[in-house]
Amino acid sequence: MEIIKEVTLMQARSKAAKAEGQKVVFVPTMGFLHDGHRELIKTGRKAAGKDGLLVLSIFVNPAQFGPKEDLSTYPRDMDRDLKMAGEEGVDAVFTPGVDDVYPRGFETFVEVTELQKHLCGERRPGHFRGVATVVLKLFNMVMPDSAVFGKKDYQQLKIIERMARDLNLGVDIIGVDTVRESDGLAMSSRNAYLSEPERRAARSIPGSLKAASDGVATGVRQARDLIEIMKKIIEKEPVAVIEYIRVCDKESLEDLDTIEDEALVALAVSIGRARLIDNRIVSIRLRA
Ligand code: PAF
């Protein structure tokens, strides 16, 4: 497995792969890899085929953290990450430095103006501008044919799909289902912040999404009723602080009053130091 630190070397490596007719597939991450990332890598490996070039990037992107967020304490473990990447058949790990990604005087950003306003965008001003900008830059550095993102960060996935379409990036965006612990908690690098009691309380997050899905399957149609059902479950856990619970259109992310067919139910909850997000598509066609 190659480890590439320099932007120009990364571009040269991708150009060489393409010149040989290889497909370049890209999995961008901020490191501290877990089984959710493992699934992204496996999907990437399949998409690249055995002859393609599978690139994984590890870059903790300062531009997507707010001033009061966890940039300085974001968990990191490069040795473990490289081990997992090797096990899963990554061909090249790209680890650019902050100064290479954001050289002095950097002042160019990309924004997906409407989609970034909803859900997490309301409480994390600038977050999706930081995500879209770094993803566009990483695409220009890795020059992939396809790139893989998890559906746990559903809004991020939608924003990147829209950016790729709107700016004709020519990168096929592949979304991968959320990987969960045995009790349903979505895998996240930030789960590492949870103490044992907090970890138990976090079960209420997937529990509330299951209750929403069951509610819709048994006839609940009003968004406010679903939100109430979910709130009651999470509020049983004194350490859990709800940031938002939303029922929205799964493409525009705009709030819905009534579920006519399918909807995205999404929430953000803080437990101790961890801000956890999760989501689920609910459908009137599914039975509980
Ligand atoms: O999902 C992530 O880990 C990050 O937001 C991403 C896409 C790597 C951009 O920094």
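Structure: above.
Residues numbered from 1 in each chain as written. Predicted model: local features only at pLDDT ≥ 70, side-chain atom pairs only at ≥ 80, totals over all residues. Heavy atoms only, no water.

K.L.:
Please set out the overall build of the chain residue by residue, giving values where relevant.
P.N.:
On a plain count of helices and strands, the chain comes out with ten helices and nine strands. Here the chain holds 288 residues, and the buried ones make up 51% of them. Taking contacts inside the chain between residues at least 6 apart in sequence as the whole, the part at least 24 apart equals 72%. Roughly 13800 Å² of accessible area belongs to the chain as shown, and the carbon and sulfur atoms make up 48% of that amount. In the chain, which carries 43 positive and 45 negative side-chain charges, the distance between the mean positions of the two groups comes to 1 Å. (Helix = DSSP H or I, 4+ residues; strand = E, 2+ residues; numbered from the N terminus. Buried < 20%, exposed > 50% of the residue type's maximum accessible area, 1.4 Å probe, protein only. Contact = heavy atoms within 4.5 Å. Areas by Shrake-Rupley, 256 points an atom, 1.4 Å probe, with all protein chains shown as cover. Lys, Arg positive; Asp, Glu negative; His and termini not counted. Charge placed at Lys NZ, Arg CZ, Asp CG, Glu CD.)

K.L.:
Can you break down the site of the ligand residue by residue, with the values?
P.N.:
Around the ligand, a shell composed of P28, T29, M30, N61, Q64, V134, F149, D153 and Q156 is seen. Q64 places a side-chain nitrogen or oxygen 2.6 Å from an oxygen atom of the ligand. Take Q156: an N or O atom from its side chain is 2.7 Å from an oxygen atom of the ligand. Alone, the ligand offers 290 Å² of accessible surface; in the complex the protein occludes 89% of this. Residue composition of the shell around the ligand, grouped by class: four nonpolar, four polar and one charged. (Near = heavy atom within 4 Å. Polar contact = N/O pair within 3.5 Å; in protein donor to acceptor, adjacent residues only side chain to side chain. Nonpolar A, V, L, I, M, F, W, Y, C, P; charged D, E, K, R; others polar.)

K.L.:
Explain the packing of aromatic side chains to me, using residue names and the numbers behind them.
P.N.:
Here the structure, examined in full by the defined rule, presents six aromatic pairs. Relative to F139, the ring of F26 has its centre 6.2 Å away and its plane inclined at 70 degrees; by these criteria the two rings are edge-to-face. With F26 in strand β2 (residues 24-29) and F139 in helix α6 (residues 127-142), the pair connects residues that are 113 residues apart, well separated along the chain. On the basis of relative accessible area, F139 is assigned to the buried category, the value being 4%. Ring centres of F59 and Y102 lie 6.4 Å apart, and the angle between their planes is 40 degrees; on these two criteria the pair is classed as tilted. Taken as a pair, F59 in the loop between β3 (53-58) and α3 (78-87) and Y102 in the loop between α4 (98-101) and α5 (120-123) lie far apart in primary sequence, 43 residues in all. Each member of the pair F59 and Y102 is classed as buried. Aromatic ring contacts, followed pair by pair, group F59, Y102, F106 and F109 into a single cluster. Above the ring of F109, the side-chain terminus of R129 is found at 3.7 Å from the ring centroid. Over the aromatic face of Y193 sits the side chain of R273, whose NZ or CZ is 4.0 Å from the ring centroid. (Phe/Tyr/Trp six-rings, centres within 6.5 Å; stacked < 30°, edge-to-face > 60°. Lys NZ or Arg CZ within 6 Å of the ring centre and 35° of its normal.)

K.L.:
Describe in detail the environment of T43, supporting the description with residues and values.
P.N.:
Within the secondary structure, T43 is located in helix α2 (residues 35-48). In contact with T43, other than residues within four places in its own chain, are V148, I174 and V176.

K.L.:
Could you give me a rundown of the sheet that holds β2, with the residues and numbers involved?
P.N.:
What the six strands build is an open sheet, ordered β1-β4-β3-β2-β5-β6; its pairing is parallel. Both edges of this open sheet fall to β1 (2-4) and β6 (172-176), since each of them pairs with a single strand only. In this sheet, neighbouring strand axes are inclined to one another by 25 degrees on average, regardless of whether the strands run parallel or antiparallel. Note: β3 against strand β4 (residues 92-94), three bridges, orientation parallel. (Pairing = 2+ DSSP bridges. Axes fitted to C-alpha atoms, helices over the stretch in contact; angles between N-to-C directions.)

K.L.:
Break down the environment of I205 for me, with residues and values.
P.N.:
By secondary structure assignment, the location of I205 is in helix α9 (residues 204-217). According to the relative accessible area criterion, I205 is buried, its value standing at 2%. When the C-alpha atoms of I205 and G49 are compared, they prove to be 36 Å apart, with 156 residues separating the residues in sequence.

K.L.:
Could you give an account of the side chain of S188, naming the residues involved and the relevant values?
P.N.:
By the element assignment, S188 lies in the loop between β6 and α8 (196-201). Accessibility expressed as a relative area gives 17% for S188, which makes it buried. There is a polar contact of 3.0 Å between the side chain of S188 and the backbone nitrogen of R190. Excluding its chain neighbours within four sequence positions, the residues that come into contact with S188 are H34 and K152.

K.L.:
Break down the sheet that holds strand β9 (residues 274-283) for me, with residues and values.
P.N.:
A sheet is described by the order of its strands in space; here three strands give the open sequence β7-β8-β9, paired in antiparallel fashion. The open sheet has two free edges, formed respectively by β7 (240-248) and β9, since each of these has just one partner strand. Between one strand and the next, the sheet's axes are offset by a mean angle of 15 degrees, whatever the strand orientation. Bridging between β7 and strand β8 (residues 262-271) involves eight bridges; their strand directions are antiparallel. Each residue of the ladder has a partner; that of V241, found in β8, is S270. Sheet strands touched by α9: β8 and β9. Its angle to β9, the strand with the most contacts, is close to 15 degrees. Along the sheet, helix α10 (residues 223-235) makes contact with β7 and β8, crossing β7 at roughly 160 degrees.

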